[in-house]
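# Geometric and topological summary
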Amino acid sequence: KYITMLMIVFCSFMVSMGILQYGVARYALTDGKEWAYWVSVLSNAFMLVLYWFMIIIPVLKETHVGYFSTWHPYAFIPTILFPVAIIMGWIGLRS
């Protein structure tokens, strides 16, 4: 029951963060505002940290899964794509 409620709350939080990201990208990044890039980077870093510490690690502890299962695609893909997105966004903002 705890994990189910946590997932509902966390998914609601991610949807609201997605709406924020869309607004920042649509209205500020398209105008080339540098502050919008940093808001996007910091909010995504915050969401990734929350994702790891509030979802991935507790679920792995509850299901008694080993360390190497930590790199499940749901954890691995956002963790790898985040630095790539930062670099590509920086290059795109500078050009």
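Residues numbered from 1 in each chain as written. Predicted model: local features only at pLDDT ≥ 70, side-chain atom pairs only at ≥ 80, totals over all residues. Heavy atoms only, no water.

### What about helix H1 (residues 2-28)?
- An ideal rise of 1.5 Å per residue puts 39 Å on 27 residues; H1 measures up with 38 Å between its terminal C-alpha atoms.
- Residues Ile 3, Leu 6, Phe 10, Met 17, Gln 21, Val 24 and Ala 28 constitute the buried set of H1. (Helix = DSSP H or I, 4+ residues; strand = E, 2+ residues; numbered from the N terminus. Expected span 1.5 Å × (residues − 1). Buried < 20%, exposed > 50% of the residue type's maximum accessible area, 1.4 Å probe, protein only.)

### What to know about the packing of aromatic side chains
- Under the definition given, this model contains four aromatic pairs.
- Consider the rings of Trp 38 and Trp 90, whose centres lie 5.7 Å apart with planes at 55°: the pair is tilted. With a gap of 52 residues between them, Trp 38 in helix H2 (residues 34-63) and Trp 90 in helix H3 (residues 73-94) connect regions that are remote in the sequence.
- A residue is classified by how much of its surface remains accessible, and Trp 38, at 39% relative accessible area, is partly exposed.
- The class of Trp 90 is partly exposed, set by a relative accessible area of 31%.
- Three or more aromatic residues joined by ring pairs make a cluster, and in this case those are Tyr 37, Trp 38 and Trp 90. (Phe/Tyr/Trp six-rings, centres within 6.5 Å; stacked < 30°, edge-to-face > 60°.)

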